[in-house]
Amino acid sequence: MKKKVLGLLLAVSMTVSLAACGGAGTDTTTDTSTADTSTDSAETSAPASDVLRIGVAAGITGNAPLEGERMQQALEMALEQYNESDGSIKIELDVQDTQGTTAGALNAVQRCISDGCQVILGPHGSTLVLAVGDTVDAAQVPFISGGTSPNLLDQFEYLYTCRTNDTYAAAIGAQACVESLNATNVGIFYCSDDYGSGGMTVASEYFEEQGIPYSAEAYNTGDTDVSGQILSLMNSGADCLFVWANGVDLAMISRTMYQLGCELPIVSSSSVAVQQYIDLCEPEWLEGWYGVGEYVESSDREAVQQYAADFLEYTGETGELFGATYYGAFQAVIQAVELGGGIDSASIKDGLSQIQGLEVVLGTYNCDDQNNLMHECSLIQMELTTADDGSSVVAPVVLEQLSVDY
Amino acid sequence: MLNTILQLAVSGAALGFVYALVGIEYSLIWNATGLLNFSHDKIITLGAYVAAGLFFTKMGLPIPVSFILSIVVMILVGFLMATVVLNPLRKMTTIFTIMGTILFGKMIYELIRLLYGSAPFTVPGLMTGTVHIGSLVIAKSNVYIIVIAVIVVAALQIFMQTTKTGKAMRCVQQNKKASELMGINVKQNIRITAAISSVICLIIGFMVIPLYTVSLSMASMIGLKGFAAGVVGGFGFLPGCIVGGIVVGLIESASVLVIPSVYKDAVAFLVLIIFLLIKPTGILGKKS
């Protein structure tokens with residue numbers, strides 16, 4: 001009897017636990033007349049015809065939960081600001097957790113589709129986008145993602161990307177190695193996922209075109225020791241390193257390079273300019289690093305300064321790339337509704353394709369024929385400065401703002 | 001080349017000692033209860049969050065004080081785990097015991113996420129810096145890990161061999177029923193074992209902060225590799241876990257010299273499979 005009771009208790013607690021950490025979704029519904037925001041359990045009913053339901057596929061749990069959290073916070077802030085300033089469209093956010101996995105992302109977008117969302121923001125990350133693209137295309141729901149892999153180009157009819165594609169960002173980084181740092185032999189260190197591999201492919205092609213010899217080493221997401229790879233690159237004869245890594249790994253990589261006495265100039269992916277990852281590093285680990293920046297808080301652009309101030313006030317946290325990315329995507333949806341003339345998926349898709357010159361935090365959205373909205377990034381360098389309390393801090397400084405047509 | 005090999009050997013040994021401690025944890029619980037505890041990685045994470053997140057960062061206490069207070073908290077966590085999971089489930093079928101430990105870990109994970117949020121953080125200046133021996137550069141964190149792990153292992157061996165409680169733990173390991181008949185309080189024994197295991201988790205969590213930063217996923221891989229270390233060395237046999245941990249750490253670290261580095265993670269599990277096929281009792285394990 002006791003065993004049966006225990007078994008039953010376990011089964012119940014497992015169900016509750018899985019429900020709590022896995023599939024819970026939230027609706028953030030805003031009544032435009034009062035601008036009150038309330039959060040309720042998601043229901044699978046279709047929205048009223050006058051409500052724009054925006055699905056949000058965010059990795060709130062999993063390997064990089066902070067990215068999902070910031071994405072959700074930024075979107076909630078965007079919704080609140082929209083209702084305070086305009087509010088002509090009644091909007092609901094339908095937030096679903098991707099758990100940072102392909103299976104989780106698929107569940108999240110399916111839930112958004114079954115909830116009747118007319119547009120979906122996310123999932124973030126190229127690997128997840130590749131996993132859900134066919135499903136969302138089949139549902140004919142436009143979705144906007146921060147995925148940057150070249151593999152996404154022309155893959156899905158309903159996908160719009162809102163960050164600068166790796167094809168360009170990695171090319172800028174590779175170009176900086178050769179033109180700014182006069183590299184004659186480059187070591188490429190990259191994450192083995194779609195993001196890192198995409199950057200590596202672009203950079204290696206560029207170096208081959210330039211006749212620059214290179215060697216490459218990879219690491220896996222979640223690796224904790226990369227000293228073997230770094231030593232291999234240092235011993236390869238490289239006079240410059242091109243590091244295309246995810247932000248959560250930045251502290252581990254920069255610490256290892258610093259501890260191994262690596263004095264080679266380093267050009268990194270945009271993670272190096274993200275404050276939440278900078279905070280994980282000792283200032284001297286990153287001093288002098290170059291990077292391809294997207295969200296740089298020290299930028300003199302007004303949209304960046306405004307977003308940083310608003311986000312700090314709204315959340316108490318420093319603004320960063322992931323929140324800024326989807327804050328811009330939200331603005332794109334609003335613009336698309338105006339341009340498309342309706343809140344149904346077809347009109348929004350039509351409107352998204354028409355977007356030109358929309359100023360957002362990361363730059364200016366100009367939709368091209370491959371559904372890329374963003375074509376800008378900046379070359380930055382990490383500089384050591386002194387904080388108000390006298391301690392050393394490292395912060396990105398924009399060297400050059402660049403834009404391109406793919 | 002020699003320099004690179006030595007460099008890899010040091011980092012491999014440091015990781016190996018971490019795996020060894022995780023393997024020891026698995027073995028302690030296994031020996032005391034006959035259960036495989038699949039919540040180890042979450043308890044390691046909890047240890048790091050309690051020490052670095054609660055006492056050091058939020059309360060601003062010095063690191064030694066934070067660590068001592070964390071030991072108290074983790075002993076209580078160990079008692080809790082023994083009371084709600086290990087003792088009630090040890091006589092049930094395997095599937096329920098596995099579910100129980102996984103669920104306990106899930107609950108800890110969610111608790112950490114709710115209390116501390118998702119943002120990773122670190123302890124500035126903790127075990128940073130390098131030691132130069134000729135052209136060899138050794139991270140101080142690796143040195144600390146090796147030294148602390150050796151001290152923990154030695155202390156554990158002394159405890160198991162010389163104290164009454166340690167001897168009782170060894171008796172329970174050999175025959176639980178006979179131990180009960182001889183007057184040993186097995187439930188109490190399991191509580192003490194779980195508390196020791198939790199404290200070891202705290203030590204591991206604290207040691208690896210410079211390597212991994214404090215994040216929700218900081219221990220997921222070392223949990224699995226620690227299990228591999230236990231099997232390779234001889235599951236349930238503490239010296240075997242140490243040997244297994246060092247072997248796995250060194251092979252994994254040296255593998256980048258001969259195979260593409262992207263397959264490094266797979267090496268530990270490949271070694272695990274080879275041992276399961278060829279010598280399932282492990283390097284130092286004995287046939288039952």
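Residues numbered from 1 in each chain as written. Chains lettered and ligands numbered in written order. Predicted model: local features only at pLDDT ≥ 70, side-chain atom pairs only at ≥ 80, totals over all residues. Heavy atoms only, no water.

Caption draft 1: Spotlight on the overall build of chain B. The helix and strand inventory of chain B stands at twelve helices and two strands. Secondary structure elements of chain B occur, N-terminal to C-terminal, as α-α-α-α-β-β-α-α-α-α-α-α-α-α. Compactness check: chain B gives a C-alpha radius of gyration of 19 Å against a globular reference of 19 Å for 288 residues, within 12% of the reference. Taken along the three principal axes of its C-alpha coordinates, chain B extends 60 × 50 × 35 Å. When contacts within chain B are restricted to residue pairs at least 6 apart in sequence, long-range pairs at least 24 apart make up 74% of them. Accessible area for chain B stands at about 11900 Å²; split by element, carbon and sulfur atoms hold 73% of it. Separation of charge centres in chain B, based on 19 positive and 6 negative side chains, amounts to 10 Å. (Helix = DSSP H or I, 4+ residues; strand = E, 2+ residues; numbered from the N terminus. Rg over C-alpha atoms; globule rule 2.2 N^0.38 Å. Contact = heavy atoms within 4.5 Å. Areas by Shrake-Rupley, 256 points an atom, 1.4 Å probe, with all protein chains shown as cover. Lys, Arg positive; Asp, Glu negative; His and termini not counted. Charge placed at Lys NZ, Arg CZ, Asp CG, Glu CD.)

Caption draft 2: Summary view of the domain arrangement of chain A. Residues and elements named next belong to chain A. Per the domain assignment, the segments of chain A are domain 1 (26–164 + 303–374) and domain 2 (166–293 + 378–403). With both sides pooled, the region where domain 1 packs onto domain 2 buries about 1200 Å², and carbon together with sulfur makes up 54% of that total. Its largest share of buried area at the contact with domain 2, domain 1 owes to Thr148, Pro150 and Thr164, together 33% of the area lost on that side. Our count for the contact surface shared by domain 1 and domain 2 stands at one residue pair in polar contact (both at pLDDT 80 or more). (Domains from an automatic or database assignment. Buried area = accessible area lost by both parts, 1.4 Å probe. Polar contact = N/O pair within 3.5 Å; in protein donor to acceptor, adjacent residues only side chain to side chain.)

Caption draft 3: Region of the structure containing the interface of chain A and chain B. Tallying the contact residues gives 40 residues for chain A and 44 residues for chain B. At the boundary of chain A and chain B, one finds zero salt bridges. Scanning the region where chain A abuts chain B turns up six residue pairs in polar contact (both at pLDDT 80 or more). Of all the elements in the fold, those that place two or more residues in the side of chain A that touches chain B are helix H1 (2–23), helix H2 (65–85), strand S9 (214–219), helix H7 (227–234) and helix H8 (250–259) of chain A. A per-class count over the side of chain A that touches chain B returns 18 nonpolar, 14 polar and eight charged. (Salt bridge = Lys/Arg side-chain N within 4 Å of Asp/Glu carboxyl O. Nonpolar A, V, L, I, M, F, W, Y, C, P; charged D, E, K, R; others polar.)

Caption draft 4: Local environment of the nonpolar core. Ranked by internal contacts, the top residues of the largest apolar core, which has 85 residues, are A:Leu52, A:Ile144, A:Ile253 and A:Phe330. Broken down by element, this core gets its largest block of residues, twelve residues, from helix H12 (residues 321–340) of chain A. A domain split of this core shows at least three residues from each of domain 1 (26–164 + 303–374) and domain 2 (166–293 + 378–403) of chain A. Excluding residues within four positions of it along the chain, A:Ile253 makes contact with A:Phe189, A:Tyr219, A:Val226, A:Val243, A:Ala245 and A:Trp289. In terms of nonpolar packing, the next biggest core, distinct from the first, is built from 77 residues, B:Ile24, B:Cys201, B:Met218 and B:Val271 among them. (Core = buried A, V, L, I, M, F, W, Y, C linked by side-chain atoms within 4.5 Å. Buried < 20%, exposed > 50% of the residue type's maximum accessible area, 1.4 Å probe, protein only.)

Caption draft 5: Spatial organisation of the confidence of the model for chain A. All names here are of chain A. Per-residue confidence for chain A gives a mean pLDDT of 85; residues scoring 70 or more make up 87%. Below a pLDDT of 50 lies the segment residues 13–25, which in the model reaches 28 contacts outside its immediate sequence neighbourhood of four places, other chains included. pLDDT under 50 marks residues 29–45. Its contacts with residues more than four places away, or in other chains, come to 44 contacts. (pLDDT = per-residue confidence, 0-100.)

Caption draft 6: Quick look at the pairing of strand S1 (residues 130–133) of chain B. All names here are of chain B. Pairing analysis gives four bridges linking S1 to strand S2 (residues 136–139), with the strands arranged antiparallel. Counterpart to Ile133 in the pairing with S2 is Leu136. Counted between consecutive antiparallel strands, the loop separating S1 from S2 contains two residues, among which Gly134 sits at a positive phi close to 65°. (Pairing = 2+ DSSP bridges.)

Caption draft 7: Local environment of the side chain of B:Arg90. Secondary-structure assignment places B:Arg90 in the loop between helix H3 (63–89) and helix H4 (94–116). For B:Arg90, the residues in contact, after removing those within four places along its chain, are B:Thr33, B:Leu35, B:Glu180, B:Val186, B:Lys187 and B:Ile190.

Caption draft 8: H8(A), seen in detail. With respect to burial, H8(A) is a largely interior element, nine of its ten residues being buried. Phi for A:Gly261, located one or two positions after H8(A), is positive at around 70°.

Caption draft 9: Layout of the pattern of salt bridges. Residue and element names in this part refer to chain A. Scanning the model with the defined rule gives eleven salt bridges over all chains in all. Of the charged contacts, one joins Arg53 and Glu92 as a salt bridge, the two residues approaching to 3.4 Å between their closest N and O atoms. Here Glu92 lies in strand S4 (residues 90–97) and Arg53 lies in strand S3 (residues 51–58), a separation of 39 residues in the sequence. The same class applies to Arg53 and to Glu92, which are both buried. In this structure, the salt-bridge partner of Arg163 is Glu294, at a minimum N-O distance of 2.6 Å.

Caption draft 10: Up close: H2(A). All names here are of chain A. Taking 1.5 Å of rise per residue, the 21 residues of H2 would be expected to cover 30 Å, and the 30 Å separating its terminal C-alpha atoms lies within 8% of that figure. Of all 21 residues in H2, 16 are buried, a share of seventy percent or more. In the segment just after H2, Gly87 is the residue with positive phi, at about 75°. (Expected span 1.5 Å × (residues − 1).)

Caption draft 11: Representation of unusual backbone geometry within the structure. Residue and element names in this part refer to chain A. Residues Gly122 and Pro123 are joined by a peptide bond in cis, for which omega reads 0°. When you line up the elements, Pro123 lands in the loop between strand S5 (119–121) and helix H4 (126–139). Even without glycine at this site, Asn182 takes up a positive phi of about 55°. Within the fold, Asn182 resides in the loop between helix H5 (166–180) and strand S8 (186–191).

Caption draft 12: Seen up close, a nonpolar patch on the surface. Together, B:Met1, B:Ile5, B:Leu257, B:Val258, B:Ile259 and B:Tyr263 make up a nonpolar patch on the protein surface, roughly 610 Å² of accessible area in all. As for its position among the elements, B:Tyr263 is in the loop between helix H11 (238–254) and helix H12 (264–278). (Patch = residues over 30% accessible without salt bridge, like charges linked within 9 Å, V, L, I, M, F, W, Y side chains within 5 Å.)

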